[in-house]
Amino acid sequence: MSPADPYVYQARELVEPDWTRFPAWRQVTTAEWESVQWQRAHCVKTIGQLRAVLGDGINERFYADLERDQAERATMSMLMPPQMVNTMVPGVAPNDPQATEALYADPVRRYMLPVFPDRRIDRPSHPYATRDSLHEQDMWVAEGLTHRYPTKVLAELLPTCPQYCGHCTRMDLVGNSTPQVIKLRFGAKPVDRYDAMIDYLRRSPGVRDVVVSGGDVANMPFTNLERFLERLLEIDNIRDIRLATKALMGLPQHWLQAEVRAGMERLGATARDRGVQIAIHTHVNHANSVTPLVAKATRAMLDTGIRDVRNQGVLMAGVNADASQLLDLCFALTDRTGILPYYFYMCDMIPFSEHWRVSVAEAQRLQHALMGYLPGFATPRIVCDVPFVGKRWVHQLADYDREHGISYWTKNYRTSIERDDLEALTRTYAYYDPIHTLPTEGQRWWERQTAPDSRRQQVAAEQAARASRQAATAQASS
Ligand code: SF4
């Protein structure tokens, strides 16, 4: 008998998990569930609210672990619409004897509701983890407008979302402060920031692509979002507009509102007249989150005439860093919703993220494992967002020191902070694997490094790692 392929495709119907399994939502009607006002009014923001939703079935140990994480580790505060809560342990009622362990193991819980034992005890943060790990603020050309690539910019319109993800890359700015992280706040009023962004784009004919983000654009009053997008559409050089909203999955009720659909139709019509492509980029990390309401909201958006809806997930250990889980998600998206699997980002080097991060080698292995099952156009790229470089496919590295877990990357353009840097295109830029994934000698080497606090020390550490590797190679060949 010939061996089976590693993945066997099975077409699956989408199912909206039964929310009445939660004691607090036993009487909630379908009309209430599908109302965005009801969803927003019943978001879970505190441990007390979570207890009220789950009832008495969950062990106290879970709440103690959650409380400790919020006090000592969390970079994001708790915020989950009922729609998201309902995708955790979908087949288990909270009073089931298995519910506590199922909740600990649940992939959606593991990134939306982190608990202390999830994190690494030995080294919860990489020594080079930083709050703004992609240095987006360094590249602001107006407050909240990051110009990091030659032809495209990121416009952070607002610092809030309908849901807060534990691993958020913009943890420096997005959401409420936590005991560990006092959030940065925009200084200027929104209206002045938007004016400055539009002014920059009018003066920058080389920019053709704007990612309109935050936060999540679903938290912006739609009339304000529409006005900003109309102004973008008036700029001749803007050809692509991408709206970033995890809420298409986390709060699909928002995008199903009649006034939002009508507004998107107006924008779609204007974009078509002007030859501009508007797309929605959403953020789904696990197949359990893909429900009939998500499919309905996506269909509603595609029916407005926008160009596409694409998914940018985040690759995380314990959540989805497994080929079968990734393929299940991609097939759920592409078969049942019309959302195009587009990217999986490696989890960025923010504080307390080591338990989620995987090595570049593991990301390369996963990319290989995905190939050939999905249509080529729907096969996602796994990308590493390399600080000071930008997104790179995980096989694009220039060099890789696996013992020390340092990959080296090059770039082919200057960012807004490197205009006069003659070596920007010839130097290599480092990215670091989680230390617990390294061979023993590599882990020992990191233990010997002093905690670095500057770019100069970071470069010195990279040079020391290279010297150590060259010495080992020379010794082996002598
Ligand atoms: S939706 Fe996006 S911006 Fe908002 S918390 Fe999650 S990852 Fe961060």
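What you see is a predicted model, and the numbers here were worked out from it, not measured in a lab.

Hey, could you run me through the site of the ligand in this one?
Surveying the vicinity of the ligand reveals the residues Met76, Cys161, Gln163, Tyr164, Cys165, Cys168, Gly215, Lys246 and His283. With respect to the detected pockets, the ligand is housed in the largest pocket. Within the shell around the ligand, the residues separate by chemical class into five nonpolar, three polar and one charged.

Even after reading the chapter, I still don't get empty space enclosed by the protein, so can you show me in this structure?
The gaps of empty space that remain are located by a probe, the size of a water molecule, rolled over the atoms. According to the stated counting rule, one finds two cavities of 30 Å³ or more in the structure shown. Taken together, 13 residues form the lining of the largest cavity, with Phe22, Leu54, Met88, Val89 and Leu103 sitting closest to its centre. For the lining of the largest cavity, the secondary-structure elements that each account for two or more residues are helix H3 (47-54) and helix H6 (99-105). For the lining of the largest cavity, the class distribution of residues is 13 nonpolar, no polar and no charged. Here the second largest cavity defines a volume of roughly 70 Å³. Around the second largest cavity, the lining residues are Asp132, Leu134, Glu136, Gln137, Trp140, Glu156, Thr169, Arg170, Asp172 and Leu173.

Could you clarify how one ought to interpret the packing of aromatic side chains in this entry?
Geometry of an aromatic ring pair is reported as the spacing of the ring centres plus the angle between the planes. For the coordinates displayed, the defined rule picks out 19 aromatic pairs. Residues Tyr9 and Phe331 carry aromatic rings whose centres are separated by 4.6 Å and whose planes lie at 55 degrees to one another, so their mutual orientation is tilted. Here the residue Tyr9 occupies a position in the segment before helix H1 (30-33), and Phe331 occupies one in helix H14 (residues 323-336), the gap between them amounting to 322 residues. Taking relative accessible area as the criterion, Phe331 reaches 10% and is therefore assigned buried. With 5.1 Å between their ring centres and 90 degrees between their planes, Trp445 and Trp446 make a pair best called edge-to-face. Trp446 sits in the buried class, given a relative accessible area of 3%. Taken together through their ring pairs, the aromatic side chains of Trp19, Phe22, Trp25, Trp33 and Trp38 make up a single cluster. Sitting over the ring of Phe186, Arg193 keeps its end group 3.6 Å from the ring centre.

Help me out: how do you make sense of the sheet that holds strand S13 (residues 429-432) in this one?
The pairing of strands in a sheet happens through backbone hydrogen bonds and is either parallel or antiparallel. Pairing in this open sheet of three strands is antiparallel, and the strands run S11-S12-S13 from one edge to the other. If you trace the sheet from one side to the other, it starts and ends with strand S11 (399-401) and S13, each paired once. Averaged over all adjacent pairs, the angle separating strand axes in this sheet is 25 degrees, with direction ignored. The strands that helix H15 (residues 360-370) touches are S11, strand S12 (406-409) and S13; relative to S11, the one it contacts most, it runs at about 125 degrees.

How should H14 be read in this particular structure?
In an α-helix there are 3.6 residues to a turn, and that puts residues three or four apart on one side. For H14, which comprises 14 residues, the first-to-last C-alpha distance of 19 Å matches the rise-based estimate of 20 Å (1.5 Å per residue) to within 8%. Taken together, the buried positions of H14 are Ala323, Leu326, Leu327, Leu329, Cys330, Phe331, Ala332 and Leu333. Residues of H14 that are buried sit in contact with strand S7 (308-315), strand S8 (340-346) and H15. Measuring from the side-chain oxygen of the N-cap residue of H14 to the backbone nitrogen of Ser324 gives 3.0 Å; that N-cap residue is Asp322. Following H14 by one or two positions, Gly338 has its phi on the positive side, about 85 degrees.

What is the right way to read the sheet that holds strand S10 (residues 390-393) from this model?
Read across the open sheet, the 10 strands follow the order S1-S2-S3-S4-S5-S6-S7-S8-S9-S10; overall the sheet is mixed. Each edge of the open sheet is held by one strand with a lone partner, namely strand S1 (140-142) and S10. Across four bridges, the pairing between strand S9 (residues 381-386) and S10 is antiparallel. By the bridge assignment, Val386 is partnered in S10 with Gly390.

Please explain the layout of surface pockets as it appears in this structure.
The space that makes up the largest pocket amounts to roughly 880 Å³. For the largest pocket, the lining is made up of 40 residues, of which Arg170, Ser213, Ala244, Gln312 and Tyr345 are closest to its centre. Per-element accounting of the lining of the largest pocket gives the leading share, four residues, to S8. Here the lining of the largest pocket is composed, by residue class, of 18 nonpolar, 12 polar and 10 charged. In this model, the second largest pocket occupies a volume close to 330 Å³.

Hey, could you run me through the side chain of Arg242 in this one?
Counting through the fold element by element, Arg242 comes out in strand S5 (residues 240-244). A polar contact is formed between the side chain of Arg242 and the side chain of Asp209, at a distance of 2.8 Å. With sequence-adjacent residues up to four places away left out, Arg242 is seen in contact with Lys152, Asp209, Val210, Val211, Val212, Ala279, His281, Arg310 and Tyr342.

I would appreciate a short explanation of the nonpolar core in the present structure.
Here is a general trend for soluble globular proteins: nonpolar side chains tend to be buried in one another's company. Formed by 131 residues in total, the largest nonpolar core has its most connected members in Phe62, Tyr111, Leu157, Val212, Ile241, Trp255 and Met264. Among the elements that line this core, the one with the most residues is H14, at eight residues. Met264 has contacts with Phe222, Leu243, Trp255, Ile280, Met301, Thr304 and Ile306, leaving out every residue within four places of it along the chain. Membership of the second largest hydrophobic core comes to 10 residues, among which are Met76, Cys161, Tyr164 and Val174.

Would you mind going over unusual backbone geometry with me for this structure?
Cis geometry marks the peptide bond from Gly214 to Gly215; its omega dihedral reads 15 degrees. Looking at the secondary structure, you find Gly215 in the loop between strand S4 (209-213) and helix H9 (222-233). In this model, Val89 sits at a positive phi of 35 degrees, which is unusual for a non-glycine residue. Considering the arrangement of structural elements, one finds Val89 in the loop between helix H5 (82-85) and H6.

I keep staring at the side chain of Gln83 and nothing clicks. Help me out?
In this structure, Gln83 sits in helix H5. Taking the relative accessible area as the measure of exposure, Gln83 reaches 1% and is therefore buried. Here the side chain of Gln83 touches Trp33 through a polar contact of 3.3 Å, side chain to side chain. Side-chain polar atoms of Gln83 contact the side chain of Gln253, separated by 3.2 Å.

Parameters and conventions
Residues numbered from 1 in each chain as written. Predicted model: local features only at pLDDT ≥ 70, side-chain atom pairs only at ≥ 80, totals over all residues. Heavy atoms only, no water. Near = heavy atom within 4 Å. 1 Å grid on protein atoms, 1.4 Å probe; cavity = no way out; pocket = protein on both sides within 12 Å on 5 of 7 lines; lining within 4 Å. Sits in = over half its atoms within 2 Å of the grid points. Nonpolar A, V, L, I, M, F, W, Y, C, P; charged D, E, K, R; others polar. Points joined across faces, edges and corners; volume = space filled by probe spheres on them. Helix = DSSP H or I, 4+ residues; strand = E, 2+ residues; numbered from the N terminus. Phe/Tyr/Trp six-rings, centres within 6.5 Å; stacked < 30°, edge-to-face > 60°. Buried < 20%, exposed > 50% of the residue type's maximum accessible area, 1.4 Å probe, protein only. Lys NZ or Arg CZ within 6 Å of the ring centre and 35° of its normal. Pairing = 2+ DSSP bridges. Axes fitted to C-alpha atoms, helices over the stretch in contact; angles between N-to-C directions. Contact = heavy atoms within 4.5 Å. Expected span 1.5 Å × (residues − 1). Polar contact = N/O pair within 3.5 Å; in protein donor to acceptor, adjacent residues only side chain to side chain. Core = buried A, V, L, I, M, F, W, Y, C linked by side-chain atoms within 4.5 Å.

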